[in-house]
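Architecture at a glance
Below are the chains, spelled out letter by letter.
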Amino acid sequence: MKNRFLVPIVCFFVLGFGCAFAQTPDLAPTPPMGWSTWNYFHHEISDALVRAQADAMVSSGMRDAGYVYVNIDGGWEGYRDAAGVLHPIPAFPDMKALGDYIHSKGLKFGLYTGPGPRTCAGAEASYGHEAQDATMFASWGVDYLKYDLCSFREIMQHESGGNLQKSDAIMKAAYEKMHQDLLNTGRPIVFGMCQYGWGKVWEWGPQVGGTLWRTTGDISDTYGRMTSIGFREAGLSRYAGPGHWNDPDILEVGNGGMTPDEERTHFSLWAILAAPLVAGNDLTKMSPVTKSILLNKEVIAIDQDPLGKQGDRAYATGPLEVWTKPLQGGAVAVGLFNRTSEPANMTLHLAKIGWQGQAAARDLWNHKDIGVVNDQTTVIVPKHGVVLLRLTKSGS
Ligand code: GAL
């Protein structure tokens, strides 16, 4: 067991990053969209619940809006038998049948494990059984694997003797190992790395096969936590692109902890960030407001723009921030975010976002064209709210 990570480490440092076949960019040419059990249901999950959510994904229009992955997060893992086979808890009697059901709805199947002996919740994870688990997941029809570092941190600490560089190398090798094992199954599987942004994962995630990687610790359903994660993504835009995306975590829209303006900020910011849009609420009980946010096709189109460019902060005056995202055909999405607790007037400085001349603007939350805008255009942005515009050349 001692040298189990040696081959990937050698691959990494001697042969260079190129020895890993990256997962193909066409696995996720635009940021993955779907739903996850985690934010709302945590460990209270079962086959019946996942089927009901999959049904709701179809009946609510979520699937047709682009949300296709049905991701079972932590909580499904049972025991590992003497032959090393990992069994689900009894609430998931037949994972292959569940995968078939998900696929029959035109959806895709996501699952969760990690490189350590245990998940964060203390359940069985894939350490020492990576290839065996990957093969089983592929046989169940898994299309997306979230791989969560959790207890592997103890292995890193132990095997590196506390040396940070060695510890980082061991972590990278563990992700590369599962990546190779997934490739060996022959099934295209999105590889979602979850190690909370450690070691600037955005700089090396693609080289160990990551289709996406969490850039931060866990989100929670508050404006404070959501914004501290979302606005901290400034500067990461150059690391994302087709097939490799920064992931600021599962959405909290519809979970009750934020006002509608705060949730519109959340969804707009994630769209500008070209973040994976993975809903984390109960899809069987969505209010009209929740639906108007998660199903806003004009905002989804910003996230899913085929150019595949992540946006970034253009300028800010204290807590009044303007973020932009380049779009196909020379258009630009502009988010004017008011992080204060009072409504604010915000002026759109076209020169500061690199725009020449006049622009025609469309308001993507009010679904209306607001006409030509110039350097003097001022909008009123609600407290903790956003005005999200799509700019095109005036006259085009
Ligand atoms: C955390 C992870 C969460 C969720 C949870 C499950 O480590 O960041 O997104 O997967 O584990 O226990």
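The notes below deal with the structure included here.

Rules and cut-offs
Residues numbered from 1 in each chain as written. Predicted model: local features only at pLDDT ≥ 70, side-chain atom pairs only at ≥ 80, totals over all residues. Heavy atoms only, no water. Helix = DSSP H or I, 4+ residues; strand = E, 2+ residues; numbered from the N terminus. Rg over C-alpha atoms; globule rule 2.2 N^0.38 Å. Buried < 20%, exposed > 50% of the residue type's maximum accessible area, 1.4 Å probe, protein only. Axes fitted to C-alpha atoms, helices over the stretch in contact; angles between N-to-C directions. Parallel < 35°, antiparallel > 145°, perpendicular 65-115°, else oblique. Left-handed = near helix turned anticlockwise from the far one by under 90°. Contact = heavy atoms within 4.5 Å. Nonpolar A, V, L, I, M, F, W, Y, C, P; charged D, E, K, R; others polar. Near = heavy atom within 4 Å. Areas by Shrake-Rupley, 256 points an atom, 1.4 Å probe, with all protein chains shown as cover. 1 Å grid on protein atoms, 1.4 Å probe; cavity = no way out; pocket = protein on both sides within 12 Å on 5 of 7 lines; lining within 4 Å. Points joined across faces, edges and corners; volume = space filled by probe spheres on them. Pairing = 2+ DSSP bridges. Polar contact = N/O pair within 3.5 Å; in protein donor to acceptor, adjacent residues only side chain to side chain.

1. Quick look at the overall build of the chain
In terms of helices and strands, the chain carries twelve helices and 18 strands. For 396 residues, the compact-globule formula gives about 21 Å, and the C-alpha radius of gyration of the chain, at 22 Å, lands near that figure. Projected onto its principal axes, the C-alpha positions of the chain cover 70 × 45 × 35 Å. Looking at the 396 residues of the chain, the share that counts as buried comes to 56%.

2. Section: the packing of helix H6 (residues 130–140) against helix H8 (residues 164–185)
Two elements in contact, H6 and H8, have axes separated by 9 Å at closest approach and are oriented at 40°. Compared by their axis directions, H6 and H8 come out oblique. The chirality of how H6 crosses H8 is right-handed. Listed contacts from H8 to Glu-130, Ala-131, Ala-134, Thr-135 and Ala-138 of H6 are Lys-177, Met-178, Asp-181, Leu-182 and Thr-185. Classifying every residue of the contact of H6 with H8 by side-chain character gives five nonpolar, two polar and three charged.

3. As for the site of the ligand
If you check the shell around the ligand, you find Trp-38, Asp-73, Tyr-112, Cys-120, Lys-146, Asp-148, Cys-150, Cys-194, Tyr-196, Arg-214 and Asp-218 and nothing else. When the ligand is considered free in solution it has 310 Å² of accessible area, and contact with the protein chains removes 94% of it. Across the shell around the ligand, the residue classes break down as six nonpolar, no polar and five charged.

4. A short note on the layout of surface pockets
Considering only enclosed or pocket space, the largest pocket measures out at about 280 Å³ in volume. Along the wall of the largest pocket there are 22 residues; nearest its centre are Trp-38, Asp-73, Tyr-112, Cys-120 and Asp-148. Of the residues that constitute the lining of the largest pocket, the class distribution is ten nonpolar, five polar and seven charged.

5. Quick notes on the pairing of strand S13 (residues 332–338)
Of all seven residues in S13, seven are buried; the element is thus mostly enclosed. In textbook terms, the turn of a hairpin is the stretch between consecutive antiparallel strands, and for strand S12 (residues 320–326) and S13 this stretch comprises five residues, one of which, Gly-329, has a positive phi near 80°. As paired strands, S13 and strand S18 (residues 386–393) are joined by six bridges and run antiparallel to one another. Its bridge partner being in S18, Leu-336 is matched across the sheet by Val-387.

6. Things to note about empty space enclosed by the protein
Over the atoms, a rolled probe matching the size of one water molecule traces out where space is still vacant. By the definition in use, this model includes one cavity of 30 Å³ or more. Size it by volume and the largest cavity reaches roughly 170 Å³. Around the largest cavity, the lining comprises 19 residues; the ones closest to its centre are Asn-71, Tyr-144, Lys-146, Asp-247 and Ile-250. Contributions of two or more residues to the lining of the largest cavity are made by strand S5 (108–113), strand S6 (144–148), strand S7 (190–194) and strand S8 (212–214).

7. Topic: the side chain of Asn-296
As for its placement among the helices and strands, Asn-296 is situated in the loop between helix H11 (288–294) and helix H12 (297–303). There is a polar contact of 3.0 Å between the side chain of Asn-296 and the backbone nitrogen of Glu-298. In terms of polar contacts, Asn-296 uses its side chain to reach the backbone carbonyl oxygen of Leu-364, at 2.9 Å. Residues in contact with Asn-296, not counting those within four places in the same chain, are Lys-291, Leu-364, Trp-365 and His-367.

8. A short note on the sheet that holds strand S15 (residues 359–363)
Taken together, the six strands give an open sheet; going across it, the order is S11-S12-S13-S18-S15-S16, and neighbouring strands pair in antiparallel fashion. Single-partner strands in this sheet number two, and they are strand S11 (312–317) and strand S16 (368–373). On average, adjacent strands in this sheet sit at an angle of 25° to one another, irrespective of strand direction. Two strands pair when backbone bridges link them, and S15 and S16 are joined in this way by five bridges, in the antiparallel orientation. Looking at the pairing, Arg-362 lines up with Asp-369 of S16.

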